[in-house]
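Chains, contacts and geometry: an overview
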Protein chains: 2
Amino acid sequence: MGIIVQKFGGTSVGSPERIIHVANRIIQEVNAGNQVVVVVSAMGKTTDQLVGLAADISSSPSKREMDMLLSTGEQVTIALLSIALLEKGYDAISYTGWQAGIQTESLHSNARITDIDISRVKQSLDEQKIVVVAGFQGVSANGEITTLGRGGSDTTAVALAAALKAEKCDIYTDVTGVFTTDPRYVTSARKLQSISYDEMLELANLGAGVLHPRAVEFAKNYEMPLEVRSSIEYENGTIIEEEVSMEKNLVVRGIAFEDQVTRVTVCGLPNGLQTLSTIFGTLAKHGINVDIIIQSTYAHDKTNISFSVKTDDLRDTIGVLESNKELLRFDEIQHEGGLAKVSIVGSGMVSNPGVAADMFQVLANEEIQVKMVSTSEIKVSTVVEQQNMVKAVEALHNAFNLSSIAQEKTQVRA
Amino acid sequence: MGIIVQKFGGTSVGSPERIIHVANRIIQEVNAGNQVVVVVSAMGKTTDQLVGLAADISSSPSKREMDMLLSTGEQVTIALLSIALLEKGYDAISYTGWQAGIQTESLHSNARITDIDISRVKQSLDEQKIVVVAGFQGVSANGEITTLGRGGSDTTAVALAAALKAEKCDIYTDVTGVFTTDPRYVTSARKLQSISYDEMLELANLGAGVLHPRAVEFAKNYEMPLEVRSSIEYENGTIIEEEVSMEKNLVVRGIAFEDQVTRVTVCGLPNGLQTLSTIFGTLAKHGINVDIIIQSTYAHDKTNISFSVKTDDLRDTIGVLESNKELLRFDEIQHEGGLAKVSIVGSGMVSNPGVAADMFQVLANEEIQVKMVSTSEIKVSTVVEQQNMVKAVEALHNAFNLSSIAQEKTQVRA
């Protein structure tokens, strides 16, 4: 009899009816002979409502008090879910973060878990209870309520699973798993049976934030297998683990993409040691998230730097750069909007150096111009015109043979 | 510089606007040079909403999980009120029950406070912070969240005041104080400047539950002065303390009354030692609250027992008695509805044995028939026809000279 940790997000527990449905999913696992620990988020829009109440009072509320406020959301869910399980005749007990021994840094709104004292949870499991734990929250060494920031409930689930040496950690969500690409755009997109932690990290923007990168990192560090699966459908999901068994011959595992990309080029910068850190430090200080960065030196003492930003951030980006023109000493700023990023992801790339070239050939065959390129060990990203995005994704999905599970074992070059 | 504990109920903190108003009331006390600890309830209808969610899932939810659920209500308020105080530039910090060291019995939904570890609250006061504490909740010795039951926030406030050796405990509410009688019925009703703990206990049903009896008992035991005052109006309220200074010559301090009373008489009971305990034990077991009890023995072996109940409970009362007829062995049940209870209250009565007679004379002068009588050290209650209730209250209010503060020092007989 093993321990299984199940995590249900805010949508899955958004109403009393959904909470009762979740209770049934839990009971299924209990009846299969498992000890179950459940981690839940706040119900549906609860967090937004609480944030709204605070916003009515202050435009910059204290982070400590926001943690105090927001942590009530999960506490409501754990109580209601335990009530639902008890109503169905299953012994259950709820624990807040501090009761479950989730110890964190003394940092509000974005604390990291430092340790988990599992004694209380373990004792309840030994008493044959289903243990329902509030996600997203913990307690600092000096007894302050803290929260874990974005993706916090996923992190709670994985950390608890690691501390309890659970068999696996199931992340229940509103999609049925991780797909080779977004099925809303590419009809032949296929659900992966398994994927490695690193591939999952690179595919993070596929499937609308199905799993927070921090939780994936945590799982990777503790080698805790995760399964992303649907809280509505009863089919198997996608298993995330170190060694991907079923599909390991597949060099490219998925195609990620996003639109609304703009390329900004800062021309005529001094070619000094501090140039890169000054320019991106300045942007980061203003909260502007930069993605691909390319530097091209065109003279002894001058350099151009191009980078991609979300189109929404363009105006701020230019504003920040212009207002720091004296510091940065550039000649001019150029920009090109209407772009998209298309990436191929797969850990098999490490030992297949030709994959990037294959990708470029596929795009060239489709007469799609590549505006920017960026590569990592397991990912090649290109920036193309937004109007070509879906065409590029479809072509790559076909060329790397992602549509058909039957072809998984054969590596086909484009 | 003294410590003052302020308690604000659910209506006073029912919206962000009201919370901001409460912050101003607190700041007033801080600017007067006091260290302030604030105890708050859940916002307005929050508790009802949470109870409703649980009711959608279970008709008999676990008491432990209900405590887990309901304790979030005050936690939301403490966070928002602290945010409001910080926004106004005053240093504030919120504490849940467990953080504030409110230790209780290991009993859910109606736990008693066993001890308060004030170290954390005291340290924050020493750091010149306004301390905002969640009322109604505590933590048991084994780390379970508990709640204190009805009137719990009042009790938290008084207990904290006692533990902190506060100067006084101010209970802010939606009335301006404790009145000689209900001003909605008697226009000459007057707010009392002060009243003793015992008188307050006897007058508990005046002013629509302005202060929970348990909190008054607690204050009496620790000799903690309370002030009941308005969270809206800026006038002085009513001080509740052991020695009532200003109005101590007044034998009768207030007139309490309630309508919807029914008298039930159980006729022909066996006149045995167990009769009283059997009959009222049976009713209590079925949750029926009995008020005045009168026994009249009319033969060697037979007795009649009359008691008053709320008219709403009449049907249940008769049902319970009839279904236990074999056990109780009575002849028949009679009942009379349309009655009301009118009481005079005042600690001066102890040394004034003629007060009850005075009361009966006042009622007789008004041609009001008395149906039942019950007396205590500081209270005489009569049951009269409901249609005579207000007339009785007005006559008694005049006769015992409660309308005019100028006449307070002179005791006038009816």
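Computed from a predicted model, the values in this text were never measured in an experiment.

**Points about the UniProt feature "binding site: substrate" (unreviewed entry) in chain A**
Residue and element names in this part refer to chain A. Per the UniProt annotation, the sites labelled "binding site: substrate" (unreviewed entry) are Thr47 and Glu74. In sequence the annotated residues extend across 28 residues, while in space they remain close, none of their C-alpha pairs exceeding 9.1 Å. Overall, the relative accessible area of 27% leaves Thr47 in the partly exposed class. With respect to the helices, strands and loops of the structure, Glu74 is situated in helix α3 (residues 63-87). If we ignore the near neighbours within four places in the chain, the residues touching Glu74 are Val40, Ser41, Ala42, Ala134, Gly135, Phe136 and Gln137.

**Section: helix α8 (residues 275-285) of chain B**
Residues and elements named next belong to chain B. Those residues of α8 that sit buried are Thr275, Ile279, Phe280, Thr282 and Leu283. Each buried residue of α8 sits inside an arc of 150° when the element is viewed along its axis, so together they form one side. The exposed residues of α8 that point more than 90 degrees off its buried face are Ala284 and Lys285. Buried residues in α8 make contact with β13 (254-270), β14 (290-297), β15 (302-310), α9 (314-323) and α10 (325-328).

**Digging into the nonpolar core**
Core analysis: the largest hydrophobic core is formed by 70 residues, its most contacted members being Ile26(A), Leu81(A), Leu85(A), Ile26(B), Leu81(B) and Leu85(B). Once residues within four sequence positions are removed from consideration, Ile26(A) is found in contact with Gln6(A), Phe8(A), Val36(A), Val38(A), Leu81(A), Leu85(A) and Ile130(A).

**Re the packing of helix α11 (residues 355-365) of chain B against helix α12 (residues 389-399) of chain B**
All names here are of chain B. Where α11 contacts α12, the two axes come as close as 10 Å, and the packing angle between them is 125°. Relative to α12, the element α11 is oriented oblique. Viewed along their axes, α11 and α12 form a crossing whose handedness is right-handed. In this structure, α11 uses Met359, Val362 and Leu363 to contact α12, whose residues at the interface are Ala392, Ala395, Leu396 and Ala399. For the contact of α11 with α12, the per-class residue count stands at 7 nonpolar, no polar and no charged.

**Describing the UniProt feature "binding site: ATP" (unreviewed entry) in chain A**
Residue and element names in this part refer to chain A. In this numbering, the UniProt entry assigns the feature "binding site: ATP" (unreviewed entry) to Lys7, Phe8, Gly9, Gly10, Thr173, Asp174 and Arg184. The annotated residues occupy 178 residues of the chain and do not converge on a single region, their most distant C-alpha atoms lying 25.2 Å apart. Note that Lys7 resides in strand β1 (residues 3-8). Those residues in contact with Lys7 that lie beyond four places of it in its chain are Val39, Ser41, Ser153, Asp154, Ala157, Asp170, Ile171 and Tyr172. Within polar-contact distance, the side chain of Lys7 engages the side chain of Asp154 at 2.9 Å. Locating Arg184 in the fold gives a position in the loop between β9 (168-173) and β10 (194-195). A polar side-chain atom of Arg184 sits 2.8 Å from a polar atom in the side chain of Asp182.

**Overview of the relation of the copies chain A and chain B**
Two copies of one chain are present, and they are related through a rotation about an axis combined with an axial shift. Mapping chain A onto chain B calls for a rotation angle of 180° and an axial translation of 0.0 Å; the resulting RMSD is 0.1 Å. Here the two chains are linked by the operation of a two-fold rotation axis. Closest to the rotation axis within chain A is the C-alpha of Thr72(A), separated from it by 2.6 Å.

So, how was this worked out
Residues numbered from 1 in each chain as written. Chains lettered and ligands numbered in written order. Predicted model: local features only at pLDDT ≥ 70, side-chain atom pairs only at ≥ 80, totals over all residues. Heavy atoms only, no water. UniProt positions renumbered as here; feature names shortened; annotations may be inferred. Buried < 20%, exposed > 50% of the residue type's maximum accessible area, 1.4 Å probe, protein only. Helix = DSSP H or I, 4+ residues; strand = E, 2+ residues; numbered from the N terminus. Contact = heavy atoms within 4.5 Å. Arc of directions from axis to C-beta. Core = buried A, V, L, I, M, F, W, Y, C linked by side-chain atoms within 4.5 Å. Axes fitted to C-alpha atoms, helices over the stretch in contact; angles between N-to-C directions. Parallel < 35°, antiparallel > 145°, perpendicular 65-115°, else oblique. Left-handed = near helix turned anticlockwise from the far one by under 90°. Nonpolar A, V, L, I, M, F, W, Y, C, P; charged D, E, K, R; others polar. Polar contact = N/O pair within 3.5 Å; in protein donor to acceptor, adjacent residues only side chain to side chain. Least-squares fit on C-alpha atoms with pLDDT ≥ 70 in both.

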